[in-house]
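# Architecture and fold: a report
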Amino acid sequence: MDGTDQAASTIWYVLAIILVGSALIGRQMAWGSLLRMALLWVAIFAGLLGLFKFGQSQGFLTGRWAEEGSAVTPDEAPAALPRAQAEGQALRIPVAPDGHYWVEATINGTPARFLIDSGATITALSENTARAAGLNYDVGEPNVIMTTANGKVEAKRSSIATLAIGPISASDLPVVVSPAFGEVNVIGMNMLSRLKSWGVQDGAMVLKP
């Protein structure tokens, strides 16, 4: 437990004591009943503290998943991809030979191949792709820590003015860039969540704007 966790625990326990004390003041009860009530309140606060700390460890309460997320599982894209088909405003993407869903897209007009990964929190770009698309990112800014299939890697924040996948496009899309991603680019949940719907139907990934 670090200093922050210790401070948080101390605050919780102090608040518990204050609340229990204020609840018991003025009550005309036997000492045995008072003691049982006090122990019950302490147990309740201990449980709440435990839930709070669990939420922190999982990133539910700290916003960690805005900074940390899974990304990039295959080492590279297949040599040939099945052609995605537009159906009105929707896009149907057949599964590739490797069992993943890959799509040809453009970043600010520059072609790039992406893996669609609903397990990735944020869209991720290889360093070469970001350079080819002319993306800017401050090398002096603190790195973002990403959890990938190969462990934790460091990445830089940037953004895409326009990411287009067939008839679907997104503007001002935050991304992360790292040489650790190899040559694989990933469309993550921050892009998918902007769609009306997305999911697998009859073996194909269907994206609806």
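Note that residues are indexed from 1 along each chain, following the sequence as it is written. For this predicted model, a pLDDT threshold of at least 70 governs which residues receive local features, and a threshold of 80 or more governs which side-chain atom pairs are given and counted, while totals over whole chains, interfaces and linings are taken from all residues. Values shown for side chains rest on all heavy atoms present in the structure; no hydrogens or waters enter the calculation.

A word on the overall build of the chain. Here a strand is any run of E in DSSP of at least two residues, a helix any run of H or I of at least four, and the numbering for each starts at the N terminus. Looking only at helices and strands, the chain has five helices and eleven strands in total. In this scheme, a residue with accessible area under 20% of its type's maximum is buried, one over 50% is exposed, and one in between is partly exposed, where area comes from a 1.4 Å probe on protein chains only. In the chain, which comprises 209 residues, the share counted as buried stands at 35%. Here a residue-residue contact requires only that any non-hydrogen atoms of the pair lie within 4.5 Å. Counting only contacts in the chain whose residues sit at least 6 apart along the sequence, the fraction spanning at least 24 positions is 57%.

With respect to the secondary-structure elements, S169 resides in strand β8 (residues 168-178). Counting along the chain gives 63 residues from S169 to T106, while the straight-line C-alpha distance between them is 9.3 Å. Ignoring sequence-local partners within four residues, the contact set of S169 consists of T162, L163 and A164.

Turning our attention to the pairing of strand β4 (residues 110-116). Bridge count between strand β3 (residues 102-107) and β4: six bridges; the pairing is antiparallel. Bridge pairing links I107 to T110 in β4. Strand pairing is assigned whenever DSSP detects at least two bridges linking the two strands. Linking β3 back to β4 in an antiparallel pair, the connection comprises two residues, with N108 at a positive phi of about 50°. Direction of pairing for β4 relative to strand β9 (residues 185-187): parallel, over a ladder of three bridges.

Here we take up the sheet that holds strand β2 (residues 90-94). The strand order across the open sheet built from four strands is β1-β2-β11-β10, with neighbouring strands paired in antiparallel fashion. Of all strands in the sheet, those bounded by a partner on one side alone are β1 (85-87) and β10 (197-201). Along the sheet, successive strands turn relative to each other by an average axial angle of 25°, direction set aside. Where β2 lies against strand β11 (residues 204-208), four bridges are found, and the strand directions are antiparallel. In the sheet register, I93 faces β11, and the bridge partner there is M205. Orientation is described by lines fitted to C-alpha atoms, with helices fitted over the stretch in contact, and by angles between N-to-C directions that extend from 0 to 180 degrees.

Another aspect to go through is the nonpolar core. Throughout, nonpolar core names a set of buried Ala, Val, Leu, Ile, Met, Phe, Trp, Tyr and Cys residues whose side chains join them through atoms within 4.5 Å. By size, the foremost hydrophobic cluster in this structure holds 27 residues, and its most contacted members are I107, F114, I116, L125, L163 and I187. If you list the elements that add at least two residues to this core, you get β2, β3, β4, β7 (151-165), β8, α5 (189-192) and β11. Per-element tally for this core: the top contributor is β8, with five residues. Setting aside its immediate chain neighbours within four residues, I107 contacts A112, F114, L125, T129, A133, L135, I160, T162 and L163. W102, V176, F181 and V184 belong to the second largest nonpolar core, which has 14 residues in total.

Honestly, it's all geometry; don't read function into it.
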